[in-house]
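Each chain is listed here by its residues.
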Amino acid sequence: MRVPDEITNDLPFLTEFRRDLHAHPELGFEEIRTSDLVAKLLEEAGLKVHRGLGKTGVVGTLQIGNGTRSIGLRADMDALAMPELAERPYKSRETGKMHACGHDGHTAMLLGAARHLASTRNFSGTVHFIFQPAEEGRGGAKRMVEDGLFQLFPCDAVYGLHNMPGLDPDEIAVVAGPQLASSDSWRLTFRGVGTHGAKPHLGRDPVTAAGTFLASLQSIVGRVVDPLQPAVVSACSVRAGDPKALNVIPDTVEIGGTARAYTPHVRDQLEEEIGRLARGTAEMYGIKVDYAFERRIPPVVNDAEASDRALSAARAVFGERTRTQFPPSTAGDDFAFFGLEAPGCYVWLGNGPAVDGALHHNTAYDFNDAAIGPGVAFWTTLVEQELSASADS
Ligand SMILES: [Zn+2]
Ligand SMILES: [Zn+2]
């Protein structure tokens, strides 16, 4: 592990900053305090700062020398709407809000990289430090893109990083290809004709239709999707009838769930096939169905060349502790929207063992401060390699 002394010297500041963010978590598009702190510190470090992109997003730009290449580095800043139940000195002071995904650490590491690069200036080109709001399902990345992120700050490549429990803080995983799944929502309503529970023949029962639909749902992944392509379809919500009216067959059943895939083709298949199954089931039972598939986040797929560059930086810092094999996650990350605009790579930085079994989105999760130095070193090395001052002269 090679962490430059200048970065090590900044760790007390960055650790305190990280813990301060942890104690003051803010939800998506509400990162007022966080983004204000980030913007002020970037300005103090000498960066050009653009506030309010994607509502509460901040972009800091550092342009050094006459290199023409331009890259974007992204950190997400938002917390989750859940209580923090573990005791720690910097426990959340906001009821029902918590940094349970380590975005406090992401923000601190990217700030650390900006401070370091602004002081060492050992590259030639442009770096855009993208502090994104609302990663946790509220659409912050898309909003930044719609607000002109890549017109205002053109990027030849864009990089993202997420902490990963189970890997040690001196480990990093850089893998080309799919990293995170698409994350889409689907909803349907079976519309029958409600009737007396003792006289089903006088109505059209949507509850039995729903049972048939749910029992067949996994046949999409099992029988339609290529067995070598990962996919998930889950029904996560079913609403019908009233437990206090057990002699009433209701008019409608509402079902909703999620769909995950790693390729556009499988994503299309899931949308199509859930709808086909819903319509076929409705037809079979002589009822109607409304179906909607909402495309939320595309898959995160690492570009081969961007991954090569990230891997080279990782090896320079982490040496043999760099992993080139790591399983993709069925979670999603809206970094995917940045990856659609510029060739991208998303890497996994170790967060140490899961303390008391607490993984991402657990009420006891915490970012591991031991990862700050390695994370800052990775970001700065990536910039110094990709925007190499010597290659430019
Ligand atoms: Zn999360
Ligand atoms: Zn996260």
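These notes cover the structure that comes with them. Here the structure is a predicted model, which means the values were calculated and not measured.

Things to note about the coordination of the zinc ion (ligand 1)
- Coordination sphere of the zinc ion (ligand 1), protein contribution only: Cys101 (SG), Glu136 (OE), Glu136 (OE) and His361 (NE2), at 2.0 to 2.8 Å.
- Around the zinc ion (ligand 1), the 4 donor atoms sit at angles spanning 52 to 151°, and that spread fits a shape best called irregular.
- Separating the zinc ion (ligand 1) from the zinc ion (ligand 2) is a gap of 3.1 Å, bridged by Cys101, which donates to each. With Cys101 in the loop between strand E3 (70-76) and helix H3 (103-120) and Glu136 in the loop between strand E4 (125-132) and helix H4 (140-146), this residue pair connects regions lying 35 residues apart in the sequence.

What about the environment of Ile172?
- With respect to the helices and strands, the residue Ile172 is situated in strand E6 (residues 172-173).
- It is 9.1 Å that separates the C-alpha atoms of Ile172 and Gly375, two residues lying 203 residues apart in sequence.
- Not counting chain neighbours up to four residues away, the residues in contact with Ile172 comprise Ala314, Phe318, Arg321, Thr322, Arg323, Val347, Trp348, Leu349 and Phe378.

As for helix H1 (residues 5-23)
- Its 19 residues place the ends of H1 28 Å apart at the C-alpha level, agreeing with the 27 Å of an ideal helix rising 1.5 Å per residue.
- Along H1, the helix axis deviates most sharply at Leu11, where the bend reaches about 45°; the proline Pro12 sits within four residues downstream.
- Buried within H1 are the following residues: Ile7, Asp10, Leu14, Thr15, Phe17, Arg18, Leu21, His22 and Ala23.
- Along its buried surface, H1 packs onto helix H2 (32-44), H3 and helix H11 (372-386).

A closer look at the nonpolar core
- Counting residues in each nonpolar core, the largest one holds 53 residues, and the members touching the most others are Leu73, Phe129, Phe131, Tyr159, Phe378 and Trp379.
- In terms of residues, this core owes the most to one element, H3, which gives 8 residues.
- Core analysis: the second largest hydrophobic core is formed by 26 residues, Val145, Ala173, Val175 and Ile297 among them.

Re the coordination of the zinc ion (ligand 2)
- Here the zinc ion (ligand 2) is held by Cys101 (SG), His103 (NE2) and His162 (NE2), and the distances to it run 2.0 to 2.3 Å.
- As a motif over one chain, the donors of the zinc ion (ligand 2) read C-x1-H-x58-H.

Details of unusual backbone geometry
- In this model, Phe29 sits at a positive phi of 65°, which is unusual for a non-glycine residue.
- Structurally, Phe29 is set in the loop between H1 and H2.
- Given the relative accessible area of 13%, Phe29 is considered buried.
- Even without a glycine there, the phi angle at Arg121 is positive, about 50°.
- By the secondary structure assignment, Arg121 is in the loop between H3 and E4.
- For Arg121, a relative accessible area of 48% puts it in the partly exposed group.

What about the sheet that holds strand E16 (residues 344-350)?
- Strand order in this open sheet of 8 strands is E1-E2-E4-E3-E5-E16-E6-E15, and the pairing throughout is mixed. Unpaired on one side and paired on the other, strand E1 (48-53) and strand E15 (322-323) mark the two borders of the sheet.
- Pairing analysis gives 2 bridges linking E6 to E16, with the strands arranged antiparallel. Paired with Ile172 across the strands is Leu349, a residue of E16.

Here we look at the sheet that holds strand E12 (residues 252-261)
- Strand order in this open sheet of 4 strands is E10-E12-E8-E13, and the pairing throughout is antiparallel. Sheet topology places strand E10 (231-240) and strand E13 (288-297) at the edges, where each strand pairs with a single neighbour. Strand-to-strand twist in this sheet, taken as the mean axis angle between neighbours without regard to direction, amounts to 15°.
- Looking at chain direction, strand E8 (residues 183-191) and E12 are connected through 8 bridges and run antiparallel. Each bridged residue has a counterpart across the sheet, and for Ser185 the counterpart in E12 is Thr258.
- This element, helix H6 (residues 206-216), spans E8, E10 and E12 of the sheet and lies at about 15° to E12.
- Its contacts with the sheet put helix H8 (residues 264-285) on E8, E10, E12 and E13, and the angle it makes with E13 is roughly 165°.

What to know about H11
- Its 15 residues place the ends of H11 21 Å apart at the C-alpha level, agreeing with the 21 Å of an ideal helix rising 1.5 Å per residue.
- In terms of burial, H11 is a largely internal element, 13 of the 15 residues being buried.

Reading guide: rules and limits
Residues numbered from 1 in each chain as written. Chains lettered and ligands numbered in written order. Predicted model: local features only at pLDDT ≥ 70, side-chain atom pairs only at ≥ 80, totals over all residues. Heavy atoms only, no water. Donors = N, O, S within 2.8 Å, 3.2 Å for Na, K, Ca; no water. Tetrahedral: all angles 85-135°; square planar, octahedral: opposite > 155°, others 65-115°. Helix = DSSP H or I, 4+ residues; strand = E, 2+ residues; numbered from the N terminus. Contact = heavy atoms within 4.5 Å. Expected span 1.5 Å × (residues − 1). Bend = angle between axes of the 7 residues up to and from the residue. Buried < 20%, exposed > 50% of the residue type's maximum accessible area, 1.4 Å probe, protein only. Core = buried A, V, L, I, M, F, W, Y, C linked by side-chain atoms within 4.5 Å. Pairing = 2+ DSSP bridges. Axes fitted to C-alpha atoms, helices over the stretch in contact; angles between N-to-C directions.

Function-wise, these values are silent; they only describe arrangement.
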